Amino acid sequence: MTNTQEIANLGTADDRIAARRSRAEAKLKQDKEEAEGKKTKKDDAAEQISLGKQQFGTSTAILELQRTETWDELTSIRVRFDDQENQRRIIEENNRLDRYEALQIEAVTSGRKNAAIEMKWADLLNMDIPQELNDQLQFQKSACKQIIESKDRRIEDFKSELKNKDEEYIKMLKQQSGDVTTLISKMREQYHTLRRHYDQQLEEIEDAFEHERTEQLSKNKADIEALFEKRRQMEENEFLDRRQEREKGFKQQIEELRTDNADGYNKCKIALEKGIQELEQHLEKMMSTYLLNKEKLEYNREVLIERNKEHTAIQSSYKNRLNRLRETLNNLMSRYNTLDQKYKHQNIDLTEEYKRLTRQFKDLQEKFTHFEQADEKKFREVWNMNEGEVRELITKVQAADKLLHEQQLGHEWLQPNLEQLQQEADSFSETGTQTGKSSAVESAEQGPDESGKFSASKVKKVLDLIKEETQFLLDMKVREQLAELPVEQRDVLQIDALLRYIGVEGQADVDLLVQVFYHGQEDDDEALMVDADDVLQLLKDFMQEKENLRIADVAPDKKKGKARTQQGGSESDADRKARRRREERKFWERMGHVIPDMNLRVWRALDVFLKRYYELLQKRSKAIDGAVGVQKQNEELKSLLDQYLGSKVNEELQVPPTHVISVVGST
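About the criteria used
Residues numbered from 1 in each chain as written. Predicted model: local features only at pLDDT ≥ 70, side-chain atom pairs only at ≥ 80, totals over all residues. Heavy atoms only, no water. Helix = DSSP H or I, 4+ residues; strand = E, 2+ residues; numbered from the N terminus. Buried < 20%, exposed > 50% of the residue type's maximum accessible area, 1.4 Å probe, protein only. Contact = heavy atoms within 4.5 Å. Areas by Shrake-Rupley, 256 points an atom, 1.4 Å probe, with all protein chains shown as cover. Core = buried A, V, L, I, M, F, W, Y, C linked by side-chain atoms within 4.5 Å. pLDDT = per-residue confidence, 0-100. Salt bridge = Lys/Arg side-chain N within 4 Å of Asp/Glu carboxyl O. Patch = residues over 30% accessible without salt bridge, like charges linked within 9 Å, V, L, I, M, F, W, Y side chains within 5 Å. Lys, Arg positive; Asp, Glu negative; His and termini not counted. Charge placed at Lys NZ, Arg CZ, Asp CG, Glu CD. Polar contact = N/O pair within 3.5 Å; in protein donor to acceptor, adjacent residues only side chain to side chain. Phe/Tyr/Trp six-rings, centres within 6.5 Å; stacked < 30°, edge-to-face > 60°. Lys NZ or Arg CZ within 6 Å of the ring centre and 35° of its normal. Expected span 1.5 Å × (residues − 1). Axes fitted to C-alpha atoms, helices over the stretch in contact; angles between N-to-C directions. Parallel < 35°, antiparallel > 145°, perpendicular 65-115°, else oblique. Nonpolar A, V, L, I, M, F, W, Y, C, P; charged D, E, K, R; others polar.

Asker: Which parts of the structure should I look at to understand the overall build of the chain?
Answerer: A tally of helices and strands in the chain yields 18 helices and 0 strands. Relative to its full complement of 667 residues, the chain shows a buried share of 19%. Contacts spanning at least 24 positions in sequence make up 71% of the contacts within the chain whose residues lie at least 6 apart. Accessible surface computed for the chain: about 51600 Å², of which carbon and sulfur atoms make up 55%.

In structure tokens:
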């Protein structure tokens, strides 16, 4: 039978497993023979194994188990690393396919735009009016600029992807360094553990051998003493009795050992059968996992084959289209050469006509400038006159407000802050026809009804979220500028740079950006229900939506494009004039509201209470007038009473009134 030391010295794990399996089968066979009473000489020798050898075998098995656990831990680290590398390669392949698809889409889009631009050149040759030709050339220039910007964005995307790859490579190096450090620490820890176990097992083997030596010495000593005692009592009957008792004891011990070995055999058999069942279940599970992975790989292979077929078909269709476009280009070039000679003569005639119209236009422009200056001068005079009257009224209103606060209410009067209004007045006074900067700033700060279709709080939440999640877009130059600015100006510069990077050019783009972030929410819902991890995807959706709108605006019909251009220009002038009128109207309205709302409410309350006070004074005046009248009547009655009492007729009376008055007064 192979011992534990020999099994531990085997090279591979499969050999060690096979050796243990053969050893277990031999042991089962041996237990079976012992149960049937067929012990061999080899079995008798196995029963006489010393305690030191038993401890040696046990220690060797424990150390082998420890080494197996150590190899399992190291194998688990390697398996985890292989799994992470496999997942990374799968993600990298998916990203590569996405980039390839994006490049295909970009190629298709740019091809359409280039075709549209090439087709426009032929239409430009048929135009006779220079202004329309200039507009169409500007339109062609803007379309070419959009194509170049699209290519630049794609280049920036690849640069950012390359930067992300570098960061990912550095991160992977750090992770590998951490794994190596972990592996080294594990190996060091396992080394110390194995060393500790070896020391412990060596001490146990030493103790076992010493204990065995002590027992052997005591046993030999007892045997020698027993032999001497046996020799002395050889002839006595007690020797026979003890011998019989020892035989009975030995038989009883043999029966007990057989019973114990049978129980141990049954327990070992049950444990081994349970281990076999668990291993079979694990084998079935691993087979199912392998089959599932095989099906996934087959499915991915079929998908890749189908994609390859689709891409081949698309490539062939693009080649056919390219050939057709080349034929069209050749036809157009021949037509261009034919019409070029024709239009050269027309160009000479039109040049002469253009020069004549230019001279007329310059004369008309001089007249227009003269009348415009006269109208502007008259308007400025009327403006200054009205502004002077308004300034006088403002001074009077402030004086009245100060008088009411200090004399009527007895409060300290705080002069309103009119610096902003004064700046707007100075700005309007200088030009008379344009809107001041402060008015534009105030109109921009008043709310979404004048600057956009979304509230300022929604725009602020979207911009704050973009600022927090896209700081990696800032280059080193912008970061240096942010470091030099004060804290209150950093956010403005950072948001402005980020908006330029993502392609926000005006208020319409800001509204589109807020609409993308608040997609699916109610209009009155101010809370932004967007996760931080979805910000980049939403920005991509915004850029795609903006690109779709630009593509939709490029119409192939030149008549529709011409009408849209003319309509857009007329609406632009009308909007500019209306905006100027609105700002002037708002300026005059603000000039009419120089008194704060709080002071106006104080004026209204003071007016109400002064009216009540006036009514009370009128009532008191009437009461005083009534009291004065009653006092006059009393004086008149007193004078009449004195006349009556002082009259000589009273002396002729038997009972004069004075006696009655005195009696009444005494009583």
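Asker: In this structure, what is going on with the nonpolar core? I would like to understand it.
Answerer: Soluble globular proteins tend to pack their nonpolar side chains together in the buried interior. Formed by 22 residues in total, the largest nonpolar core has its most connected members in Val462, Leu499, Val504, Leu513, Val514, Phe517 and Leu539. Per-element accounting of this core gives the leading share, 6 residues, to helix H13 (residues 507-517). Residues Trp383, Ile394, Val594 and Ile595 belong to the second largest nonpolar core, which totals 7 residues.

Asker: Sorry, what's going on with the confidence of the model for the chain here?
Answerer: Residues at a pLDDT of 70 or more form 82% of the chain, whose mean pLDDT is 76. No element of the chain has a lower mean pLDDT than helix H8 (residues 437-445), at 36, and none a higher one than helix H16 (residues 597-645), at 86. The low-confidence segment residues 431-451, where pLDDT is below 50, has 37 contacts with residues more than four positions distant or belonging to other chains. Low pLDDT, under 50, characterises residues 554-571; the predicted model gives this stretch 7 contacts beyond four residues in sequence or across chains.

Asker: Looking at this model, I keep getting lost on the pattern of salt bridges. Mind explaining?
Answerer: In a structure, side chains of opposite charge can pair up when their charged atoms sit close to one another. With the rule as written, the count across this model stands at 13 salt bridges. For Glu85, the salt bridge goes to Arg89, with nearest N and O atoms at 3.2 Å. In this pair, Glu85 and Arg89 both sit in helix H4 (residues 51-124), 4 residues apart, roughly one turn of the helix. Exposure remark for Glu85: the relative accessible area of 17% places this residue in the buried category. Given a relative accessible area of 56%, Arg89 falls into the exposed group. With its nearest N and O atoms 3.7 Å apart, the salt bridge here joins Asp340 to Lys344. Of this pair, Asp340 and Lys344 both sit in helix H6 (residues 237-409), 4 residues apart, which is roughly one turn of that helix.

Asker: Explain a negative patch on the surface to me, please; I cannot follow it from the model alone.
Answerer: Residues Asp199, Glu203, Glu206, Asp207 and Glu210 make up a contiguous surface patch of negative charge. Asp207 gets classed as partly exposed once you look at its relative accessible area, which sits at 47%.

Asker: In this structure, what is going on with the side chain of Thr109? I would like to understand it.
Answerer: Within the fold, Thr109 resides in helix H4. The buried category is assigned to Thr109, whose relative accessible area is 19%. Within the structure, the side chain of Thr109 is placed 2.8 Å from the backbone oxygen of Ile105, a separation counted as a polar contact.

Asker: Got a minute to help me understand a nonpolar patch on the surface in this structure?
Answerer: A cluster of nonpolar side chains, contributed by Leu125, Leu329, Met333 and Tyr336, occupies part of the molecular surface with about 340 Å² of accessible area. Positionally, Leu329 belongs in helix H6. Leu329 gets classed as partly exposed once you look at its relative accessible area, which sits at 44%.

Asker: How should the packing of aromatic side chains be read in this particular structure?
Answerer: The relative placement of two aromatic rings is captured by the distance of their centres and the angle of their planes. The tally for this structure, following the rule as stated, stands at 1 aromatic pair. Judged by centre distance (5.8 Å) and plane angle (45°), the ring pair of Phe379 and Trp383 falls under tilted. With Phe379 and Trp383 both in helix H6 and 4 residues apart, the pair spans about one turn of that helix. Overall, Trp383 belongs to the buried group, its relative accessible area being 4%. Over the ring of Tyr518 we find Lys458; its NZ or CZ atom is 5.0 Å from the centre of that ring. Residue placement shows Arg612 over the ring face of Phe609; its charged tip is 5.1 Å from the ring centre.

Asker: I would appreciate a short explanation of helix H10 (residues 456-469) in the present structure.
Answerer: For an α-helix, 3.6 residues make a turn, and residues three or four places apart therefore share a direction. The end-to-end C-alpha separation of H10 is 20 Å, in line with the 20 Å expected for 14 residues at 1.5 Å each. Residues of H10 that are buried include every one of Lys458, Val459, Val462, Leu463, Leu465, Ile466 and Lys467, and no others.

Asker: I keep staring at the packing of H10 against H13 and nothing clicks. Help me out?
Answerer: In helix packing, the relevant descriptors are the interaxial angle and the interaxial distance, both defined with respect to the helix axes. Between H10 and H13, the least distance of the axes is 10 Å, while the angle of their chain directions is 80°. Here H10 lies roughly perpendicular to H13, going by the angle between them. When H10 is examined against H13, the residues Lys458, Val459, Val462, Leu465 and Ile466 are found in contact with a partner set consisting of Val510, Leu513, Val514 and Phe517. Taken together, the residues of the contact of H10 with H13 sort by class into 8 nonpolar, no polar and 1 charged.

Asker: Would you take a moment to explain the side chain of Lys458 for this structure?
Answerer: You can see Lys458 is positioned in helix H10. A relative accessible area of 5% places Lys458 in the buried class. Setting aside residues up to four positions removed in sequence, Lys458 forms contacts with Val514, Tyr518, Glu522, Asp523, Asp525 and Glu526.

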